[in-house]
Amino acid sequence: MSELLNQKYARLFSLLDANGDGVIAEDDFTLMAGRCIAAVGGEQSVKGQAYAAEMANYWQALRESADTDGDGRIDKEEFRAAVRHVSDNFDTLIGPLYEAGFRLADHDDDGWVGKEDFVTVLTAIGVPAHDAGPAFDSLAGPDGQLTRDQLMSAAGGYYRDDDPANTTSHLLFGAL
Ligand SMILES: [Ca+2]
Ligand SMILES: [Ca+2]
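Description of the structure in this document. In this text the structure is predicted, and so the values were computed from the model without any measurement.

### Considering unusual backbone geometry
Working step 1: One non-glycine residue, aspartate 109, lies in positive phi territory at about 55 degrees.
Working step 2: As for its position among the elements, aspartate 109 is in the loop between α6 (95-105) and β3 (112-114).
Working step 3: On the basis of relative accessibility, which here comes to 55%, the residue aspartate 109 falls in the exposed class.

In structure tokens:
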């Protein structure tokens, strides 16, 4: 695996370990989903519930691929060994989570996400605000709005692209 992918997966691991105890487990996903949904005031909304459901699905997929010793916790080594498989199945295993995340961030449901809404969700998953703002600027079009397709393209690139030139997707979750 390339050093760049290693760096990105290490960044993902540190974000997914939402409670910072050094392993990824179900409680991290519950915590992260709750933070995101609360950040946009979506506790009672259909799309808030959809996002929570997709977080749970992602955890199940990750657990099935990564938790080789079956203790319900994924450490850094298990994550590194498995995330490539999960990434190769991005469309089915990860894509739906980002779709749900986009809808969650699109608070007025017009199909566009502005910078403030994007930064709100990214900071809720643990990305520093000083990274989330520039990440948006590099992703969004000149009109200052992000589309679903732009997000999905960047998210797919984050998990799979190891060309160092494509900094837009590499910096999606902050500096590496
Ligand atoms: Ca944890
Ligand atoms: Ca919108």
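So that's the structure; there's more coming.
### Focus on the coordination of the calcium ion (ligand 1)
Working step 1: Here the calcium ion (ligand 1) is held by the protein donor atoms Asp17 (OD), Asn19 (OD1), Asp21 (OD), Val23 (O), Asp28 (OD) and Asp28 (OD), which lie 2.2 to 2.6 Å from it.
Working step 2: In this structure, the calcium ion (ligand 1) is surrounded by 6 donor atoms whose angles at the metal cover 52 to 160 degrees, and the resulting shape is irregular.
Working step 3: In the primary sequence, the donor residues of the calcium ion (ligand 1) line up as D-x1-N-x1-D-x1-V-x4-D.
Working step 4: Overall, aspartate 21 belongs to the partly exposed group, its relative accessible area being 45%.

### Description of helix α4 (residues 76-88)
Working step 1: The terminal C-alpha atoms of α4, which comprises 13 residues, lie 19 Å apart, in line with the 18 Å expected from a rise of 1.5 Å per residue.
Working step 2: At alanine 82, α4 shows its largest kink, close to 35 degrees.
Working step 3: Burial in α4 covers these residues: Glu78, Phe79, Ala82, Val83, Val86 and Ser87.
Working step 4: Against α1 (3-16), β1 (24-25), α3 (46-66), β2 (73-74), α5 (90-93) and α9 (148-160) lie the buried residues of α4.

### As for the packing of helix α7 (residues 115-124) against helix α8 (residues 129-139)
Working step 1: Across the interface, α7 lies against α8 with an axial gap of 9 Å and an inter-helix angle of 135 degrees. Looking at the two axes, α7 sits oblique to α8. Note on packing geometry: the crossing formed by α7 with α8 is right-handed. Contacts from Lys115, Phe118, Val119, Leu122 and Thr123 in α7 reach Ala129, Ala132, Gly133, Ala135, Phe136, Asp137 and Leu139 in α8.
Working step 2: Each residue belonging to the contact of α7 with α8 can be placed in one class, and the counts come to 8 nonpolar, 2 polar and 2 charged.

Conventions used here
Residues numbered from 1 in each chain as written. Chains lettered and ligands numbered in written order. Predicted model: local features only at pLDDT ≥ 70, side-chain atom pairs only at ≥ 80, totals over all residues. Heavy atoms only, no water. Helix = DSSP H or I, 4+ residues; strand = E, 2+ residues; numbered from the N terminus. Buried < 20%, exposed > 50% of the residue type's maximum accessible area, 1.4 Å probe, protein only. Donors = N, O, S within 2.8 Å, 3.2 Å for Na, K, Ca; no water. Tetrahedral: all angles 85-135°; square planar, octahedral: opposite > 155°, others 65-115°. Expected span 1.5 Å × (residues − 1). Bend = angle between axes of the 7 residues up to and from the residue. Contact = heavy atoms within 4.5 Å. Axes fitted to C-alpha atoms, helices over the stretch in contact; angles between N-to-C directions. Parallel < 35°, antiparallel > 145°, perpendicular 65-115°, else oblique. Left-handed = near helix turned anticlockwise from the far one by under 90°. Nonpolar A, V, L, I, M, F, W, Y, C, P; charged D, E, K, R; others polar.

Honestly, it's all geometry; don't read function into it.
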